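Descriptive structure summary
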Amino acid sequence: AEEREPPPLHDAAQTDFTELEDGEDLFVSTVSVIESSSTSPEASNLPAEDMNIGSNGPKHEEMFLDDDDDDQDDLFAEATEEVSLDSPERQPILSDGPSPAITPVTPTVMMNPRVDAAVFDRLMEEDEDDEETLDTFDIQISVSDPEKMGDGMNAFMVYKVSTKTSLSIFNSDEFSVKRRFSDFLGLHSKLASKYLHIGYIVPPAPEKSIVGMTKVKVGKEDLSSVEFVEKRRSALERYLMRTVKHPALLKDPDLLQFLESSELPRAVSTQALSGAGILRMVNKAADAVNKMTIKMNESDAWFEEKQQQFENLDVQLRKLHASVESLVCHRKELSVNTASFAKSAAMLGNSEDHTALSRALSQLAEVEEKIDQLHQEQAYADFYHFSELLGDYVRLLTAVKGVFDQRMKTWAKWQDAQVMLQRKREAEAKLQYANKPDKLQQAKDEIKEWEGKVQQGERDFEQISKSIRREVGRFQKDRVKDFKLVILKYLESLVHTQQQLIKYWEAFLPEAKAIA
Amino acid sequence: MMTELSVTASSIRITDVTQDGDILTFAITSQKLNSSGGVCVFRTYEDFDWLQQNLFSQENVPGLQGVIFPPLPPKVPSPLNTASKSLKQLGFLALGHDWQSYCKALEFYLQQVATHPILSQCKALDSFLTKSESPGKQRGRKGILNRLSQAVEGMRKESHKDVDDFFQKQRHKNTNLAALSKVATEKILDVVLTEQKLALACGHFSTCLHLCVNQDDEAAVAFSKICLKLSDIVEAVKRNFEKVANNNIATLGLGLDLEARYEEAEKEMLFRRTCKLIELETVKKNTEKTKANKRDVMEEIQKATEKEFSLISSVAKQEIERFHSSRVTVLRSFLVGWCEKQLDTAKECAKLYSQYLDTCKNLFSE
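On a predicted model such as this, the values are computed, not experimentally measured, just so you know. (Residues numbered from 1 in each chain as written. Chains lettered and ligands numbered in written order. Predicted model: local features only at pLDDT ≥ 70, side-chain atom pairs only at ≥ 80, totals over all residues. Heavy atoms only, no water.)

1. A closer look at the sheet that holds strand β2 (residues 23-31) of chain B
Residues and elements named next belong to chain B. The strand order across the open sheet formed by 3 strands is β1-β2-β3, and the pairing between neighbours is antiparallel. Bordering the open sheet on either side are β1 (13-20) and β3 (38-43), each of which pairs with just one other strand. Adjacent strand axes in the sheet meet at a mean angle of 20 degrees when their direction is disregarded. Here 7 bridges tie β1 to β2, and the two strands are oriented antiparallel to one another. For Thr 18, the partnering residue across the bridge sits in β2 and is Thr 25. In the packing of helix α1 (residues 45-56) onto the sheet, the strands contacted are β1, β2 and β3, and the crossing angle to β2 comes to about 60 degrees. Each of β1 and β2 touches helix α3 (residues 100-115); the most contacted strand, β1, lies at about 135 degrees to it. (Pairing = 2+ DSSP bridges. Helix = DSSP H or I, 4+ residues; strand = E, 2+ residues; numbered from the N terminus. Axes fitted to C-alpha atoms, helices over the stretch in contact; angles between N-to-C directions. Contact = heavy atoms within 4.5 Å.)

Here is the structure:
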């Protein structure tokens, strides 16, 4: 398999703070916010207009390609059916915006350097307990009623997102809202920027498709655009279900707002030439360089092992996906050929003089037509049941790889902080003999600052390591569950098809026997 | 020379086929008419061809040209094992394991010849079926009946207007049916080929599932278990495709192929008659034009030609009626066989899938 570098995760917010604005302490601001109000939804409702995320029609999609130069190369090098698995979408679009710490969820508290280890562990356990209760998990989301709005190249599809739940975090039991595709992307972007860097596997949003959407916009009412919209609808539904299944994500106010509020601030397109856009590109380049030089001293073999296993799994899933796609393709071919044969049998029946034979041949044509229908349904089943699941998991694996990368970055940050601390100490030592009292004080202050950062760095690292272990455990369980479900669904559809076939043959037999 | 066939037509079977380099040898068995003994001979395609030529070139058989000759399947192309070439030349008959379809078609040919009121009395048939030495070495005279497709003027002559309403209608219908049945055969061939492709794709999918098996950790073990289960299911799906394809080949496909080739045979017969008609009309015209001294000769020729034509026409009429009733019977048996086989396969498969569903439901809930 090709060596595939996980896309360097972009973390604009954090890098901003550490590289450009050295003075502003990430954690100081956090603490103040917590003290003011821990559950203020205001915090997360930060000016959405500033958020340059999501899509806004074809313009955005073009920009997108420009934006992701690295991935662009990958995209064309692949040139297989699996283009969709490697589109620029793989790169999680992270929100530009304030520190992800400003969320009233448990992770925020963990950012507080004053919380000591014992309290920290207790909080972690609480989180796990929450998970247990959510196992009796009662929320159903459906995405339906795709509706085309606008016209020409500015047209877009709007979907109805309906939620049915008995969970108390929601305002009511059943409600629905209208959302467009870019809203989903915006949601993912916000969630990714908040949680990826602390090691949560945030489910990736469905792929963008320039070809598919263009067909829809242009107004082509043919089978392929209908299929495309259906495929997208289904993917959006699966995306939301996966996201709410994550106990921490479920409590996220952005997610709640997405599901409940009738008006959602529009996610505006990423302009490549915007300030944030350029910054993003610069940071991504820096990240890429950093990644190449980060050589982590792995003290925990578990992480190395898991990374390797996930690499292997990625290869296996891609092979499976390709195999299923080929199956689907042949099924479609079979459907076409069966229909063609049915037609020729019908024509033969029409030209036949012998009445009973003529009737039997016409019946034959009908049977074949019905079988064709079954083939189409089965192709649908193969496709949605397996191909989409496999595709989802390949994309999920990139998110998994992403959190591993984040851990490496966290480690690197910790190491950098230690280096800085050392330097500050050396600088202070020098100043001892220079007799500049005000500078000395400043140096001592800086040492305190960096000691704090080192401690924080270590805590972050331990936190993300713990988090990843838990997330991986959840992922592994979910993957087994998901596949089991799909296999059962597939079997059920197989059984159904066969029973239909039996009915058709049994109906035809007397017709054939009646030929005299 | 007319003889009676010494074996029963219905007992003729092709029981075996062996391949030696590029040559296929067929074992043909039949039951003796007047005793309980059986006969077994070995023949190659050359021998079949010899038989067909002999049938064409029989002398002193009035109206022979009006006979619808049972169609001999085309020769297997050499080298033998090029699948694409076989498919092109033999079409449907190239499918099936070990030349099964091809053998069935040859067997059918022999049975048709042996049950034909006129052809079964040809001595060559009896020699073919009973003599141990292969007759193919003696090259018989090439029949006067050439293949329709070789006649370039065929196109023009084919559309020549008939003097007889019955035949005019017959020719029209036959042209139609010949074309349509040929198309239907090609279409079902496409279906079968796709079914075979699907079987292969299933096999590939199953292999990929096996590649996912590993013991890395608890989750991987659980995942491996379900991959293996799914692989079993996919193998079952594969076998189903293979069975469905084989059913199509052995019954419907074979039947349509036979029908298509028989319509062609009828076409050739009608063409021969039309040619005779044109000959007759030409002779008539010439007779009218001849000078008095040559007129007697011409009138003799005209009378002879008229007699030939009328004999051909009467044989043809009988042949057409015989053909029409037998083809209905033949098609019926193929259609019924097809339906029964597919029904059995569907039932088997439904049962198997249901079992898998139950097993999986139990397995997955633990």
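2. A word on the interface of chain A and chain B
Contacts between the two partners involve 53 residues from chain A, matched on the other side by 61 residues from chain B. Of the roughly 5400 Å² buried at the junction of chain A and chain B (both faces included), carbon and sulfur atoms supply 77%. Among the residues chain A hides against chain B, the three largest losses belong to Phe 341, Leu 348 and Trp 505 of chain A. Together they make up 11% of the total. Across the contact surface, chain A and chain B share 6 salt bridges. For the salt bridge of Lys 173 of chain B with Asp 353 of chain A, the shortest nitrogen-to-oxygen distance reads 2.2 Å. Between the two partners, chain A and chain B, sit 14 residue pairs in polar contact (both at pLDDT 80 or more). Where the side of chain A that touches chain B is concerned, the elements lending two or more residues are α13 (301-351), α14 (355-432) and α15 (437-513) of chain A. Looking at side-chain class alone, the side of chain A that touches chain B contains 28 nonpolar, 13 polar and 12 charged residues. (Buried area = accessible area lost by both parts, 1.4 Å probe. Salt bridge = Lys/Arg side-chain N within 4 Å of Asp/Glu carboxyl O. Polar contact = N/O pair within 3.5 Å; in protein donor to acceptor, adjacent residues only side chain to side chain. Nonpolar A, V, L, I, M, F, W, Y, C, P; charged D, E, K, R; others polar.)

3. Digging into the environment of Glu 426 of chain A
Tracing the backbone through its elements, the reader meets Glu 426 of chain A in helix α14. Considered as a pair, Glu 426 of chain A and Ile 447 of chain A are 21 residues apart in the sequence and their alpha carbons are 9.8 Å apart.

4. Examining the nonpolar core
In terms of nonpolar packing, the biggest core is built from 138 residues, with Leu 240, Leu 259, Leu 317, Leu 364, Phe 475 and Trp 505 of chain A together with Leu 335 of chain B touching the most fellow members. By residue number, the principal contributor to this core is α15 of chain A, which donates 20 residues. Non-local contacts of Leu 335 of chain B, meaning those with residues more than four positions away in its chain, are made with Leu 357, Ala 360, Leu 364, Phe 508, Ala 512 and Ile 515 of chain A together with Leu 252 of chain B. If you look at the next biggest cluster of nonpolar residues, it comprises 58 residues, including Val 7, Leu 55, Val 113 and Phe 128 of chain B. (Core = buried A, V, L, I, M, F, W, Y, C linked by side-chain atoms within 4.5 Å. Buried < 20%, exposed > 50% of the residue type's maximum accessible area, 1.4 Å probe, protein only.)

5. Section: the pattern of salt bridges
Following the criterion strictly, the structure yields 41 salt bridges over all chains and no others. The partner of Arg 242 of chain A in a salt bridge is Asp 392 of chain A, with the nearest N and O atoms 3.1 Å apart. In this pair, Arg 242 of chain A is assigned in helix α9 (residues 223-245) and Asp 392 of chain A in helix α14, connecting sequence segments 150 residues apart. Accessibility expressed as a relative area gives 16% for Arg 242 of chain A, which makes it buried. Its relative accessible area of 10% is what places Asp 392 of chain A among the buried residues. Taking the shortest distance from any N to any O, the salt bridge between Arg 261 of chain B and Asp 257 of chain B comes out at 3.0 Å. Residue Arg 261 of chain B and its partner Asp 257 of chain B are located together in helix α7 (residues 218-289), separated by 4 residues, close to a single helical turn.

6. Comments concerning the packing of aromatic side chains
Residues and elements named next belong to chain B. Applying the stated criterion across every chain, the model contains 24 aromatic pairs over all chains. Here Phe 108 and Phe 334 contribute two aromatic rings whose centre-to-centre distance is 6.4 Å and whose plane-to-plane angle is 40 degrees, an arrangement assigned as tilted. On the criterion of sequence distance, the pair formed by Phe 108 in helix α3 and Phe 334 in helix α8 (residues 292-365) is long-range, its members being 226 residues apart. Residue class for Phe 108 comes out buried when judged on its relative accessible area of 18%. The interplanar angle of 20 degrees and the centroid separation of 5.3 Å between the aromatic rings of Tyr 262 and Phe 323 together place this pair among those described as stacked. (Phe/Tyr/Trp six-rings, centres within 6.5 Å; stacked < 30°, edge-to-face > 60°.)

7. A closer look at the confidence of the model for chain A
Per-chain confidence: chain A averages 72 in pLDDT, with 67% of residues scoring 70 or above. pLDDT under 50 marks residues 1-135 of chain A. Its contacts with residues more than four places away, or in other chains, come to 233 contacts. (pLDDT = per-residue confidence, 0-100.)

8. Overview of the pairing of strand β2 (residues 156-165) of chain A
All names here are of chain A. Counting buried positions along β2 yields 7 of 10 residues, so the element is predominantly enclosed. Examined bridge by bridge, strand β1 (residues 139-149) and β2 share 9 bridges and lie antiparallel to one another. Pairing of Met 149 across the sheet is with Phe 156, part of β2. The turn linking β1 back onto β2 is made up of 6 residues, and Gly 150 within it adopts a positive phi angle of 70 degrees. In this structure, β2 lies alongside strand β3 (residues 174-180), joined through 7 bridges in antiparallel fashion. Paired with Ser 162 across the two strands is Ser 176, which belongs to β3.

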